[in-house]
Amino acid sequence: MATSLPHPTTPAGRDGLAAILARPGETVVALDFDGTLADIVPDPEAARAHPGAVAALAALAPAVASVVVVTGRPAGVAVRHGGFAGVPGLEHLVVLGHYGAERWDAATGTVEAAPVHPGVAAVRAELPGFLERSGTSPGVRIEEKGRAVAVHTRRAADPEGAFEALKGPLAELAARHGLVLEPGRMVLELRPPGVDKGVALGAYVRETGAGSVLYAGDDLGDLPAFAAVEKLRADGTPGLLVCSDSGEVPELSGRADLSVPGPAGVVALLEALAEAVRGG
């Protein structure tokens, strides 16, 4: 049964969707992973792509210029947790991990990576003692991300209280080692400066020469990608901004052209878009 496409609420979003439908072969479809293609879960290692995500992407990918996943996770982890490797229809999928510092291409099955910032190892060594001294450590966990380190407060007795208590001190710790702090949904990530989803997305769109772009995300870390699409639109490249809405990040949903209910809503949108462009 055909699924109807939702309607963007902004003129720029309606123009973006119209351009995608008119010329899908010129479109880059870019998506975040956690919270967008995969539900947020208490243990990030247990996160997996929504059951319908891979099939929806595989149905859409042959009809568009490119599908790219832009994530803060290591590229290889996103590939494994997404189940993206060896999928018919996704032979040209690209995963930009660590905000573009790593790149996995389905065509080769290999990951290309930039050197690791030395501050990451220093922060990694300090964090356990740092959290113990902070008094917020029960339930707070450290996620090793290779080129970054993340502190999750979702399992703390007071997740929001722990998040707020740690935000300032962790920003100071990051700055001391030449890193920056990126807040998210009950997570604080310490990572190198100068890389974000906006930089990664902008470079990829330029590389592909796309005539239009769709970007879907769910968290504060997706704001730079939203800004990149807004810049592309100002320069004449139509774009559609989609929020995978959890109700937790009004800063993102307030800038979106279209909000859908979490990863299930993103999958439904991809399915509807695949039907529309393949049928056309």
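Below is a summary of the structure that appears in this document. Remember, it's a predicted structure, so these values are computed and weren't measured experimentally.

**So, the overall build of the protein chain**
Scanning the protein chain for helices and strands turns up nine helices and twelve strands. Judged by the C-alpha coordinates and their principal axes, the protein chain covers about 60 × 35 × 35 Å. Across the 280 residues of the protein chain, 53% fall into the buried class. Intrachain contacts of the protein chain at a sequence separation of at least 6 include 67% that bridge at least 24 residues. Carbon and sulfur atoms form 56% of the exposed surface of the protein chain, whose accessible area is close to 11,500 Å². For the protein chain, the separation between the mean place of its 23 positive charges and that of its 34 negative charges on side chains is 2 Å.

**A word on the pairing of strand β3 (residues 94-97)**
Side chains of β3 alternate between two faces, with V94 and L96 and V95 and G97 buried alike. Crossover handedness for the path strand β2 (residues 66-70) to helix α3 (residues 75-82) to β3: right-handed. Bridge count for β3 against strand β4 (residues 102-105) is four bridges, and the pairing is antiparallel. Paired with V94 across the two strands is D105, which belongs to β4.

**So, the pattern of salt bridges**
Taken as a whole and assessed by the stated rule, the structure comprises 20 salt bridges. Where D32 meets K197, a salt bridge forms, and the shortest distance between an N and an O atom there is 2.8 Å. Of the two residues, D32 sits in the loop between β1 (27-31) and α2 (53-60) while K197 sits in helix α6 (residues 197-208), which places them 165 residues apart along the sequence. Given a relative accessible area of 4%, D32 falls into the buried group. Across the salt bridge formed by K231 and D235, the nearest N and O atoms sit 2.6 Å from each other. Each of K145, E182, E189 and R191 takes part in one network of salt bridges that share partners.

**Thoughts on the packing of aromatic side chains**
Per the stated rule, a full pass over the model turns up two aromatic pairs. With a centroid separation of 6.1 Å and 85 degrees between ring planes, the pair formed by F33 and F84 is classed as edge-to-face. Linking F33 in the loop between β1 and α2 with F84 in the loop between α3 and β3, this pair joins segments that are 51 residues apart in sequence. For F33, a relative accessible area of 0% translates into the label buried. Take F84: its relative accessible area is 1%, and that puts it in the buried class. Lying across the ring of Y99, R191 places its NZ or CZ 4.1 Å from the centre.

**Things to note about the side chain of H81**
Tracing the chain through its elements places H81 in helix α3. By relative accessible area, which is 8% here, H81 ends up buried. A polar contact is formed between the side chain of H81 and the backbone oxygen of A47, at a distance of 3.1 Å. With near-sequence residues (within four places) excluded, H81 lies in contact with F33, P44, E45, A47, R48, A49 and R73.

**Notes on the environment of V70**
With respect to the element layout, V70 can be found in strand β2. Classification of V70 as buried rests on a relative accessible area of 0%. Residues V70 and H98, 28 residues apart in the sequence, show an inter-C-alpha distance of 8.2 Å. In this structure, V70 is in contact with A30, L31, D32, F33, L96, K197, A200 and Y215, ignoring residues within four places of it in sequence.

**Let's talk about α3**
Count 3.6 residues to each turn of an α-helix, and residues three or four apart come out pointing the same way. Most of α3 sits out of view: six of its eight residues are buried. Looking at α3, one finds that the buried residues are A75, V77, A78, V79, H81 and G82. Backbone geometry just after α3 places G83 at a positive phi near 70 degrees.

**Quick notes on the packing of helix α1 (residues 11-22) against helix α9 (residues 262-279)**
It is at 9 Å that the axes of α1 and α9 come closest, and there the two elements cross at 50 degrees. With respect to α9, the axis of α1 lies oblique. Taken together, the residues of α9 that come into contact with α1 (itself represented by L17, I20 and L21) are L273, A276 and V277. Residue classes in the contact of α1 with α9 are distributed as six nonpolar, no polar and no charged.

**A closer look at the sheet that holds strand β9 (residues 187-191)**
Sheet architecture is open: four strands sit in the order β6-β7-β9-β8, paired in antiparallel fashion. Either end of the sheet is taken by a strand with one partner, and the two such strands are β6 (141-144) and β8 (180-183). Along the sheet, successive strands turn relative to each other by an average axial angle of 25 degrees, direction set aside. For strand β7 (residues 149-152) and β9, the ladder comprises four bridges, and the chain directions are antiparallel. Bridging from a neighbouring strand, A150 pairs with E189 of β9. On top of the sheet, helix α5 (residues 159-176) reaches β7, β8 and β9; it is set at about 0 degrees to β9, its chief contact.

Rules behind the numbers
Residues numbered from 1 in each chain as written. Predicted model: local features only at pLDDT ≥ 70, side-chain atom pairs only at ≥ 80, totals over all residues. Heavy atoms only, no water. Helix = DSSP H or I, 4+ residues; strand = E, 2+ residues; numbered from the N terminus. Buried < 20%, exposed > 50% of the residue type's maximum accessible area, 1.4 Å probe, protein only. Contact = heavy atoms within 4.5 Å. Areas by Shrake-Rupley, 256 points an atom, 1.4 Å probe, with all protein chains shown as cover. Lys, Arg positive; Asp, Glu negative; His and termini not counted. Charge placed at Lys NZ, Arg CZ, Asp CG, Glu CD. Right-handed = clockwise from strand over helix to strand, strands pointing away. Pairing = 2+ DSSP bridges. Salt bridge = Lys/Arg side-chain N within 4 Å of Asp/Glu carboxyl O. Phe/Tyr/Trp six-rings, centres within 6.5 Å; stacked < 30°, edge-to-face > 60°. Lys NZ or Arg CZ within 6 Å of the ring centre and 35° of its normal. Polar contact = N/O pair within 3.5 Å; in protein donor to acceptor, adjacent residues only side chain to side chain. Axes fitted to C-alpha atoms, helices over the stretch in contact; angles between N-to-C directions. Parallel < 35°, antiparallel > 145°, perpendicular 65-115°, else oblique. Nonpolar A, V, L, I, M, F, W, Y, C, P; charged D, E, K, R; others polar.

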